[in-house]
Each structure stands twice: as structure tokens, then as C-alpha cells.
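Examining the three-dimensional arrangement
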Amino acid sequence: MSVTFLANPAQLRDWRAALPPAATIGFVPTMGYLHTGHASLVRRAAAECDLAIASIFVNPSQFDRADDLAAYPRDLDRDRALLEAAGCRAVFVPEAADIYRPGHQTWVVPGDIASPLEGASRPGHFRGVATVVLKLFNLVQPTRAYFGQKDAQQVAVIRTMVRDLDVPVEIVPCPTVREPDGLAMSSRNSYLTPTERAAAPVVYRALEAARTAFEAGEREAETLRAIMRDVVATEPLARLDYASIADAFTLAELHGTELQRAEPDRAEPDRAESGAVASIAVFLGHARLIDNLLLPAPTASAVPARH
Ligand code: PAF
């Protein structure tokens, strides 16, 4: 079945109105230049819901630099083919003027969860993400929305927004899809030259080194951060932005042996899904790569829920 192309909110509304009222809708918001990671989100949405819809919108308000926005890769024909192969029924591809009409002045401003890590490195980023995601939710009215765990802070910001603003959408975090050498799939990997691509697995190696040390009993958060920094330092092309060991719920940095309490305590329901998240951002040429993993590795959901 081919993918229905919805070029503006009016077409989306008509398409939406023609669906059976009880149909469950799985939504995958994207900025396009899709890869296997996006395909896995669409396949899961199609499997778990009556139908899957994706959006492709390079959201200007989440970019803190105009050159970054202008350079963002685009390939609509390839995206449509990938969506169709993954079982997507429709794709919403609005223009910026459809989403930010003249006089737009209302924003969703996330709280503390958006301050550290990506929020600190990219001021205003999550205000743009939260605003566009809420607008897309209002337009698409999905039952569930699927997000990659690679952007762990984005998932946390969106879950918090949905909870705080009573948005009737279930957020489904999905595992990071990796290349065989461990590099997390990302549209931004296309910025890498062949030499930088060969160096890029250092990002995941750094996370794995922290996990290995954690599994061997290391509980000093600063030691784990230093382990990640040291691995990145072995790669001359890489420049570290941040290496973080943070509480998986609040994303606040952990200090000393606070990591002790990141160990799950199955006997205590409140602590049963506790954990810490190791995350990292690395510049490699024109690309800025981010990745993360939970300590310890979760058994079920990739991102703990706290409600
Ligand atoms: O993860 C992305 O691609 C974007 O941040 C999103 C969620 C589509 C919002 O523009």
C-alpha cells in the first residue's frame, strides 16, 4: 500500500476525519533523512496500532544555529520509499509557515529536565522540540507516539510534557538502533567523512567502557565520567562536549557514590525501575554525535517511567 502524502494541516484533518473513530494511530514524528532506526519505529507503530503515520518536518525552532538548520540533510523521495517499506500509511509534511503562522507567539517551555546535557549545549532546543511535538500531537491526535531512546533527554522532556499538560498520548520509547560497529544511527551521521566515520564508534566505546566498569563494581560517578573522557581522548579527531552520569529520572548529575542508589531494588516498587544514565556528546568534524545507555541495562522498558 502506498503512503498517503499529506502536505498541510487541512489535508491531514480530512485524512484523519475519514478514519474509523475507534482506530488506534501510531505516530512517528521525524525531521526526515530517515534511516533504519526510523524504520524500526514505524514498524513497531504499525504492529502495535491499527495504522502508522509519520511526519517529516525540519523544525526551525529547535535549531540554535541558522547554519545547522540550513545544512540539515533532506531526501523526501528516499524517505517516502523507506516509510512505505516499513508499513507507514500516511506522511504529514507541512511547510514551516503551516506550523508557525504569522504572529505565532505561544511556546511550551519545559522545566528542569530540559536544563542539563543537550539543554545546556543547545539553548532553546527543547522549547522548540516540546512546542512542535505538542502541535503535531494536536494535529495528528495519535493514540501512541514512538521515539528513539538515542535522544533520551528528548524522550524525558516529552514524557514530562505529556504528563504535566494531560496530553492524551502514550509515549513509547524504543531501543537505539546501531550500526554493526556500535555507532547509533542518526541522520547526522551523513555529515561524517569516511575518516571521521571510521573514528565515530569511539562514542559507543566510551559508553561501553563506563558500563563495563559499572558492571565490575565501580560506583564513583566521577570515575565513570573520567573513563568515558579517557576513551574519547584516544581518538584524535574527536572532541568531547560532555560525558555525564546522571539520575535517569531527573537527569541531574550524580556525585561521589550516589550511583549506589541507581541499583534497582526489586523489593521496593518505587525503586524497582531506578537507574542512572550514562550519556555523551562528541564533536567529530561537522557532526555532533550523542548517545547514551542505562546503568544497569534495563530488562524491559528502555526509559524508566515515573508517575
Ligand atoms: O527527534 C527528532 O527528529 C525531532 O526532535 C522531533 C521529535 C521530530 C521534533 O522535531
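The sections below set out a description of the structure shown in this document. Please read these numbers as outputs of a predicted model, since none were measured by experiment.

**Things to note about helix 11 (residues 221-233)**
In an α-helix there are 3.6 residues to a turn, and that puts residues three or four apart on one side. Counted at 1.5 Å a residue, the expected span for helix 11 with its 13 residues is 18 Å, and the 19 Å between its end C-alpha atoms agrees. Each element contacted by the buried residues of helix 11 is listed here: helix 10 (202-215), strand 7 (238-247), strand 8 (276-284) and strand 9 (287-295).

**Details of the site of the ligand**
Neighbouring the ligand are the residues Pro 29, Thr 30, Met 31, Asn 59, Gln 62, Val 132, Val 133, Phe 147 and Gln 154. Residue Gln 62 places a side-chain N or O atom 2.6 Å away from an oxygen atom belonging to the ligand. The separation between an oxygen atom of the ligand and a polar side-chain atom of Gln 154 is 2.7 Å. For the ligand, the protein covers 89% of the area, taking 290 Å² as the surface of the free molecule.

**Here we look at the sheet that holds strand 7**
Sheet architecture is open: three strands sit in the order 7-8-9, paired in antiparallel fashion. Edge positions in the sheet fall to strand 7 and strand 9, since each of these pairs with one other strand and no more. In this sheet, adjacent strand axes meet at a mean angle of 15 degrees when their direction is disregarded. Where strand 8 meets strand 9, nine bridges bridge the pair, whose relative direction is antiparallel.

**Some details on the side chain of Arg 225**
Structurally, Arg 225 is set in helix 11. Ignoring any residue separated from it by four or fewer positions in sequence, one finds Arg 225 in contact with Ala 243, Ser 244, Ile 245, Glu 253, Leu 254 and His 255.

**Some thoughts on the pairing of strand 9**
Consecutive side chains along a regular strand alternate between the two faces of the sheet. Burial within strand 9 is extensive, with nine of its nine residues counted as buried. Counting the residues in the hairpin turn of strand 8 and strand 9 gives two residues, including Gly 285, whose phi is positive at 60 degrees.

**Quick notes on the packing of aromatic side chains**
This structure, assessed with the given rule, holds four aromatic pairs. On the basis of an interplanar angle of 40 degrees and a centroid distance of 6.4 Å, the ring pair of Phe 57 and Tyr 100 is categorised as tilted. On the criterion of sequence distance, the pair formed by Phe 57 in the loop between strand 3 (51-56) and helix 3 (66-71) and Tyr 100 in the loop between helix 5 (96-99) and helix 6 (118-121) is long-range, its members being 43 residues apart. Note on accessibility: Phe 57 and Tyr 100 belong to one class, buried. By the ring-pair criterion, three or more aromatic residues cluster together here, those being Phe 57, Tyr 100 and Trp 107. A cation sits over an aromatic face here: Arg 78 above Tyr 33, 4.7 Å from the ring centre.

**A word on the state of the cysteines**
Note on terminology: a disulfide is the covalent bond linking the sulfur atoms of two cysteines. Counting across every chain of the model gives zero disulfides. Cysteine Cys 49 remains unbridged, with the sulfur of Cys 174 as its closest cysteine sulfur at 10 Å. On the basis of relative accessible area, Cys 49 is assigned to the buried category, the value being 7%. Cys 174 sits in the buried class, given a relative accessible area of 3%.

**Re unusual backbone geometry**
Positive phi, close to 55 degrees, is recorded for Asp 166, a residue that is not glycine. Secondary-structure assignment places Asp 166 in the loop between helix 8 (152-164) and strand 6 (170-174). Although it is not a glycine, Leu 251 adopts a positive phi angle of roughly 65 degrees. Here Leu 251 shows up in the loop between strand 7 and strand 8. For Leu 251, a relative accessible area of 4% gives the class buried.

**Describing the packing of helix 10 against helix 11**
It is at 8 Å that the axes of helix 10 and helix 11 come closest, and there the two elements cross at 145 degrees. The two elements helix 10 and helix 11 cross, and the hand of that crossing is right-handed. In this structure, helix 10 uses Val 202, Arg 205, Ala 206, Leu 207, Ala 209, Ala 210, Ala 213 and Phe 214 to contact helix 11, whose residues at the interface are Leu 224, Ile 227, Met 228, Val 231 and Val 232. Residue composition of the contact of helix 10 with helix 11, by class: twelve nonpolar, no polar and one charged.

**Side note on the environment of Val 232**
Looking at the element boundaries, Val 232 is found in helix 11. Expressed as a C-alpha distance, the spacing of Val 232 and Ala 210, which sit 22 residues apart in the sequence, is 12 Å. Residues in contact with Val 232, not counting those within four places in the same chain, are Val 202, Ala 206, Ala 238, Leu 240, Ile 280 and Val 282.

About the cut-offs
- Residues numbered from 1 in each chain as written.
- Predicted model: local features only at pLDDT ≥ 70, side-chain atom pairs only at ≥ 80, totals over all residues.
- Heavy atoms only, no water.
- Helix = DSSP H or I, 4+ residues; strand = E, 2+ residues; numbered from the N terminus.
- Expected span 1.5 Å × (residues − 1).
- Contact = heavy atoms within 4.5 Å.
- Near = heavy atom within 4 Å.
- Polar contact = N/O pair within 3.5 Å; in protein donor to acceptor, adjacent residues only side chain to side chain.
- Areas by Shrake-Rupley, 256 points an atom, 1.4 Å probe, with all protein chains shown as cover.
- Pairing = 2+ DSSP bridges.
- Axes fitted to C-alpha atoms, helices over the stretch in contact; angles between N-to-C directions.
- Buried < 20%, exposed > 50% of the residue type's maximum accessible area, 1.4 Å probe, protein only.
- Phe/Tyr/Trp six-rings, centres within 6.5 Å; stacked < 30°, edge-to-face > 60°.
- Lys NZ or Arg CZ within 6 Å of the ring centre and 35° of its normal.
- Disulfide = S-S within 2.5 Å.
- Left-handed = near helix turned anticlockwise from the far one by under 90°.
- Nonpolar A, V, L, I, M, F, W, Y, C, P; charged D, E, K, R; others polar.

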